[in-house]
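Remarks on the overall topology
Each chain, written out:
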Amino acid sequence: MKQIVAIYPGSFDPVTNGHLDLIQRGSKLFDELIVAIARNPEKDAALFTLDERKEMLLAMTADCDNVTIDSFEGLLVSYCVHKNANVVLRGIRAVSDYEFELQMALMNRKIDPRVETIFMLPAEKYSYLSSRIVREIAHLGGPLSGFVPDMVEQKLREKVQAKATKKGPEWPN
Ligand code: PNS
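Okay, so let's go over this structure. Fair warning: this is a prediction, and the values are worked out from it, not measured in the lab. (Residues numbered from 1 in each chain as written. Predicted model: local features only at pLDDT ≥ 70, side-chain atom pairs only at ≥ 80, totals over all residues. Heavy atoms only, no water.)

Side note on the environment of Asp-65
The residue Asp-65 is located in the loop between helix H2 (50–60) and strand E3 (67–72) in this model. With relative accessibility at 80%, the residue Asp-65 sits in the exposed group. (Helix = DSSP H or I, 4+ residues; strand = E, 2+ residues; numbered from the N terminus. Buried < 20%, exposed > 50% of the residue type's maximum accessible area, 1.4 Å probe, protein only.)

If you want it as structure tokens, here you go:
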């Protein structure tokens, strides 16, 4: 029988409980799931380095036998071909995600029709969760419990602390 190798691409800056929910679902559906962190030279505003993002994902998926963590640069479909993957997995949280995801899936299909995009829905409780909003809450000192694993929360707090120390006081007199 044909093995289904799926790629779950993203920035994962940082990985959230929503991402982990999708990884769990994907790992049950596909023979192999490769979580691929996109190295985007234009997005150098990333909070976590590629190695830090990889470390967090590795720790959080250690118990999933068919899940591996990797990174890629350049076109996603080229990476899929390189990995012999036939599926791209993407999560859709709300209708607002759909437009961008549709454009990306159709463009990827146009570039290489061998790669199929499969959309999955995370649990409803994660439908408003994103890495961007988690970073913002962390910067503002808000609660993160339930949104990211404890390890990620700790790393976020450390990052914010390190940035604040580097920057000095917010309101110098
Ligand atoms: O977590 P994100 O930021 O929503 O992930 C977006 C990502 C990395 C999956 C997307 O930007 C991507 O696939 N980038 C690779 C470059 C590429 O293939 N671009 C053309 C897409 S149509």
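What about the nonpolar core?
By size, the foremost hydrophobic cluster in this structure holds 33 residues, and its most contacted members are Tyr-8, Ile-23, Leu-33, Val-35, Leu-57 and Leu-156. Excluding residues within four positions of it along the chain, Leu-33 makes contact with Ala-6, Tyr-8, Ile-23, Gly-26, Ser-27, Asn-66, Val-67, Thr-68 and Leu-89. The next biggest cluster of nonpolar side chains, apart from the first, holds 12 residues, and it includes Ile-7, Ile-34, Val-77 and Ala-85. (Core = buried A, V, L, I, M, F, W, Y, C linked by side-chain atoms within 4.5 Å. Contact = heavy atoms within 4.5 Å.)

Looking at the pattern of salt bridges
Between side chains of opposite charge, a pair can form when the charged atoms approach closely. With the rule as written, the count across this model stands at 12 salt bridges. In this structure, Lys-155 engages Glu-55 in a salt bridge whose closest nitrogen and oxygen atoms are separated by 3.6 Å. Linking Lys-155 in helix H6 (residues 150–167) with Glu-55 in helix H2, this pair joins segments that are 100 residues apart in sequence. Overall, the relative accessible area of 40% leaves Glu-55 in the partly exposed class. The salt bridge partner of Arg-132 is Glu-136, with a shortest N-O separation of 3.1 Å. With Arg-132 and Glu-136 both in helix H5 (residues 131–139) and four residues apart, this pair spans about one turn of that helix. With a relative accessible area of 48%, Arg-132 lands in the partly exposed category. (Salt bridge = Lys/Arg side-chain N within 4 Å of Asp/Glu carboxyl O.)

Considerations on the site of the ligand
The environment of the ligand is formed by 13 residues, the closest being Ser-11, Ala-38, Gly-74, Leu-76 and Arg-90. Starting from 550 Å² of accessible surface for the ligand in isolation, the protein chains cover 70%. At the level of secondary structure, the elements contributing two or more residues to the shell around the ligand comprise strand E1 (5–10) and helix H4 (95–111). At three residues, the largest contribution of residues to the shell around the ligand is made by H4. (Near = heavy atom within 4 Å. Areas by Shrake-Rupley, 256 points an atom, 1.4 Å probe, with all protein chains shown as cover.)

Let's talk about empty space enclosed by the protein
Empty pockets left among the atoms are what a rolling probe the size of a water molecule brings to light. Per the stated rule, a full pass over the model turns up one cavity of 30 Å³ or more. Counting residues per element, the ones that place at least two in the lining of the largest cavity are strand E4 (87–91) and H4. The element contributing the most residues to the lining of the largest cavity is H4, with four residues. Here the lining of the largest cavity is composed, by residue class, of four nonpolar, two polar and two charged. (1 Å grid on protein atoms, 1.4 Å probe; cavity = no way out; pocket = protein on both sides within 12 Å on 5 of 7 lines; lining within 4 Å. Points joined across faces, edges and corners; volume = space filled by probe spheres on them. Nonpolar A, V, L, I, M, F, W, Y, C, P; charged D, E, K, R; others polar.)

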